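Next come the chains, spelled out residue by residue.
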Amino acid sequence: MKTTVTVLCENTAGVPMKIIGEHGLSILIERGEDRLLFDTGQGMSLLRNASSLGKDLSQVARVALSHGHFDHTGGLADFLDASPHATVFAHPDVFIERFAQFESPAGTQTMSIGIPFAREDLEKKGAQFDLSPALREIAPGITFTGEIPRPEGWKTWDNRLMIREGDDFVSDPFPDDGSLVLDTDRGPVLVLGCAHAGLHAIVDHVRDKTGIDHFHAILGGTHLGAGTRDDWEKALDLLESCRVEKIATSHCTGFHAASFLACQLGDRVSPAAAGVSFEF
Ligand SMILES: [Fe+2]
Ligand SMILES: [Fe+2]
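Being a predicted model, the structure only gives us computed values, none of them experimental.

Protein ligation of the iron ion (ligand 2) involves His67 (NE2), His69 (ND1), Cys194 (SG) and His196 (NE2), the donor distances falling in the range 2.2 to 2.7 Å. Bound by four donor atoms, the iron ion (ligand 2) shows angles of 91 to 171 degrees at the metal and therefore irregular coordination geometry. On the primary sequence, the residues serving as donors to the iron ion (ligand 2) are separated as H-x1-H-x124-C-x1-H. Metal-to-metal, the separation of the iron ion (ligand 2) and the iron ion (ligand 1) is 3.3 Å; cysteine 194 coordinates the two.

Here we take up the coordination of the iron ion (ligand 1). On the protein side, the iron ion (ligand 1) has Asp71 (OD), His72 (NE2), Cys194 (SG) and His251 (NE2) as donor atoms, found 2.1 to 2.4 Å from it. Linear spacing of the donor residues for the iron ion (ligand 1) on their chain is D-H-x121-C-x56-H.

Here we take up helix 5 (residues 199-210). For helix 5, built from 12 residues, the straight-helix expectation of 16 Å at 1.5 Å per residue is met to within 8% by its first-to-last C-alpha distance of 16 Å. Those residues of helix 5 lying buried are Leu199, Ala201, Ile202, Val203, His205 and Val206. Those residues of helix 5 that are buried lie in contact with strand 13 (180-184), strand 14 (187-192) and helix 6 (229-241). Note on helix 5: the residue one or two positions beyond its end, glycine 211, has a positive phi of about 85 degrees.

So, on to the nonpolar core. Counting 27 residues, the largest nonpolar core has Leu190 and Phe215 as the members making the most contacts within it. Contributing elements (two or more residues each) for this core: strand 14, helix 5, helix 6 and helix 7 (254-265). Setting aside anything within four residues of it in sequence, one finds phenylalanine 215 in contact with Val181, Pro188, Val189, Leu190, Val203, Val206, Cys242, Arg243, Val244 and Glu245. Listed in part, the 25 residues of the second largest apolar core include Leu25, Ile27, Phe89 and Ile142.

The rules behind each value
- Throughout, residues of each chain are indexed from 1 in the direction in which the sequence is written.
- Labels follow written order: the first chain is A, the first ligand is 1, and so on.
- Totals for whole chains, interfaces and linings use every residue, but because this is a predicted model, local features are given only for residues with pLDDT of at least 70 and side-chain atom pairs only at 80 or more, for both listing and counting.
- As a rule here, side-chain values cover all heavy atoms of the structure and leave hydrogens and water aside.
- Metal donors were taken as nitrogen, oxygen and sulfur atoms no farther than 2.8 Å from the ion, or 3.2 Å where the ion is Na, K or Ca. Water is excluded, so coordination may look unfinished.
- A four-donor site is called tetrahedral if each angle lies between 85 and 135 degrees; a four-donor site is square planar, and a six-donor site octahedral, when trans pairs exceed 155 degrees and the remaining angles lie between 65 and 115; all other cases are labelled irregular.
- Counting from the N terminus, the helices are DSSP H or I runs at least four residues long and the strands are E runs at least two residues long.
- Each helix should span, by expectation, one fewer than its residue count multiplied by 1.5 Å.
- Each residue gets one of three labels from its accessible area relative to the maximum for its type: buried under 20%, exposed over 50%, partly exposed in between, using a 1.4 Å probe on protein chains only.
- Should any heavy atoms of two residues lie within 4.5 Å, those residues are considered in contact.
- Definition of nonpolar core: a set of buried residues of the types Ala, Val, Leu, Ile, Met, Phe, Trp, Tyr and Cys, connected through side-chain atoms within 4.5 Å.

This is how it looks when you write it as C-alpha cells:
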C-alpha cells in the first residue's frame, strides 16, 4: 500500500503554493483510507498549509505528539477544531512544564516552551487522549516508539532545555520523546519529531523491540543542530550502517548539520520543508 508523507509545518516553506514556514514540525501520513498527523507545529501554519495543500484535516482521526514542546503541539487546538474527536497518542509526560534558558544582554532568560494547553481544555474540545510510554502500533502499519531507553552516560546535546525540579531548573531528560516507524512498500521509514533522545538511542530501541535494523528513509528533526561535528560524524556512520537511502532532514537539524550530511551523502539528502511530500 502506498504511503504518502507530507510536511504540513516546518521552519521553511518548500513549495510555492501559499505555504508559510514557522519554527516547528507537523507531518501528515496517508495510507489508503488511514490518516495520521504527527505533531502540529506551533499553530500559525497548520490549517493554512493543510488547506493550501488540499489536505482535509477533518478526515484525520488520529494525532501523535512526538513530545511536549510548543513547536510540536501548539497547533493541537486548531487541529481539534477541524477533527474534534481525534485520538491523541503521546507519552504521559507530554504535559509536564518545559523551559528554555538562554543568555541575553539582560541576563539569563527563562522561557516557557511546553505544550500551551491544559489537558482538560483539549478534552472539552473532544480530544481523547491515549497516553502510554510503550512502543505500540497506533494505526495500521504505523508504530509509535514510546519512551526511548538511554544508554549509559547519555546526556542531552541541548543544555538550554530544562524542566523544573522543586525550585530548580534541571536539564530536560525528554522521557516523552518518541518517533514513528512506518511499514512502507519500500521498507521501514523512521519519522522523527526532534529526536531529543538522540538518533542512536532511537535506532537501538527500534532494533531491540522490532528487529528492524535498516531504514529506507529517515525524515524529520534530528536535533543535530545542537550537536558537535563529532556528533554529525557519528550520525553519518549510523545512517550508513542502517543503509538509509533517503534522508529528509528538517526543523532542529539546522543549516550546518544538514549541509554536512548533504555534502557527505549527496542527493540522498533533501530538505523536508513545509509543503514537500514523499511517497513510499
Ligand atoms: Fe522542535
Ligand atoms: Fe523539541
